[in-house]
Amino acid sequence: MNLINLIWYQKINIRNFLLIIFLFPFSCLFYILSLIRRLLFRFGFKRQFKSKVPLVIIGGVSVGGSGKTPFCIALIKHLSEQGLKVGVLSRGYHSKNTSYPIKVELSTDAKICGDEPLLMKMSSTADTCIFVDPKREGAIRALENEGVDVILSDDGLQHYAMQRDIEIVVLDAKRMLGNGLLLPAGPNREGMWHVKKADFVVVNGKNDTDYHTMILKANQPVSLKNFLDQVSDTEQISKFTDVIAMSGIGNPQRFYNTLKEMNYNIADTLNIADHAVASDRDILLASEKYPVLMTAKDAVKYSRLKECKNLYVVTVNGHIDDEFFESFDRKLFDLLKK
């Protein structure tokens, strides 16, 4: 068990008590600084900007993956089916470009726009507009010029410069808020107070709460080439096959659990940091031993390897309860009427 799991995701006990006590003063300082920042925005000392169309913030209060990207993709699909032109803005984590905003196209390199925006573009209808801008206001103005009906902000819950119309907090069912403490003694950027004030809370995974639920359902692996070319795949990997699990997401254990539920034997793992890129050499060496199974978020970063054999992608679909969509639609269409 690594240090973070010992402190953040375990109940306070004899093993972690001293570590938490040591880190707790830093969490208090984090709280004071974040409170001052929020108050500066609330009382107008720091500038806020407002979108001309409804702006929906989708984010988390904790660090690490909670399932925001599959949730965004499911919501984009739902809104598109309602006949709305959807705009998405992202900070483009690890995006490398000299000027912003960037309009994301299917041909855009993940190095330029970031992995999550490119994955959302691949998973959306043709008229869905996605822009990347670390400062976000430029992306909002660009989306307004595209004539979108609604803007979804992938992450940005703590970006208080954006005036938001709807807030959606996504939590991981197994991790939730961990030990409930703020960074660094706990995993949270903000506390339960922000969860309580959000318009909607969606928990990724089966849970016993009263919140809305999203269940991720995995699809059969497809070859990296066919995934990137967006063509159907007839190649199958048999159950109980030994595989190498490759994950560069915030919560890799969720991906490993998914593969086990699909009855694959994880012979080894290829772990990289969230949003990071593994070396071609490491991937190819791994693929010589066993099939390498990766997440869709990872796959968009390796187009240069799409002709290589034994590389596969496991995609997931987010299934959100009907009550969420009914409540969300009522709130959104009330805003659109105004």
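The paragraphs below set out a description of the structure included in this document.

Procedures and definitions
- Residues numbered from 1 in each chain as written.
- Predicted model: local features only at pLDDT ≥ 70, side-chain atom pairs only at ≥ 80, totals over all residues.
- Heavy atoms only, no water.
- Pairing = 2+ DSSP bridges.
- Helix = DSSP H or I, 4+ residues; strand = E, 2+ residues; numbered from the N terminus.
- Contact = heavy atoms within 4.5 Å.
- Axes fitted to C-alpha atoms, helices over the stretch in contact; angles between N-to-C directions.
- Core = buried A, V, L, I, M, F, W, Y, C linked by side-chain atoms within 4.5 Å.
- Buried < 20%, exposed > 50% of the residue type's maximum accessible area, 1.4 Å probe, protein only.

## Some remarks on the sheet that holds strand β12 (residues 242–247)
1) Next: As summarised here, the arrangement of the five strands in space is β11-β15-β14-β12-β13, forming an open sheet in which the pairing is mixed. Edge strands, defined here as strands with exactly one partner in the open sheet, are β11 (222–223) and β13 (265–271).
2) Next: The pairing of β11 with strand β15 (residues 311–314) spans two bridges and is antiparallel. Paired with S223 across the two strands is Y312, which belongs to β15.
3) Next: On top of the sheet, helix α9 (residues 252–261) reaches β12, β13, β14 (292–295) and β15; it is set at about 155° to β12, its chief contact.

## So, the nonpolar core
1) Next: The biggest cluster of nonpolar side chains holds 54 residues, and the ones touching the most others in it are F71, L75, I168, F324 and F328.
2) Next: For this core, the leading source of residues is helix α3 (residues 68–81), giving seven residues.
3) Next: If we ignore the near neighbours within four places in the chain, the residues touching I168 are V56, I57, I58, G59, F71, L75, F200, V202, F324 and F328.
4) Next: Listed in part, the 27 residues of the second largest apolar core include C129, M162, L177 and V203.

## Things to note about the pairing of β15
1) Next: A two-sided burial pattern is seen for β15, the buried positions comprising L311 and V313 on one face and Y312 and V314 on the other.
2) Next: Strand direction decides the pairing type here: β14 and β15, joined by four bridges, are parallel. Of the residues in β15, the one forming a bridge with V292 is L311.

## Overview of unusual backbone geometry
1) Next: Look at the link from Y100 to P101: it is a cis peptide, with omega at 0°.
2) Next: As for its placement among the helices and strands, P101 is situated in the loop between β3 (86–90) and β4 (102–103).
3) Next: Of the consecutive residues L183 and P184, the connecting peptide bond is found in the cis state with omega at 0°.
4) Next: Here P184 lies in the loop between β8 (166–172) and α7 (192–197).
5) Next: A positive phi angle is found at D155, which is not glycine, with a value near 75°.

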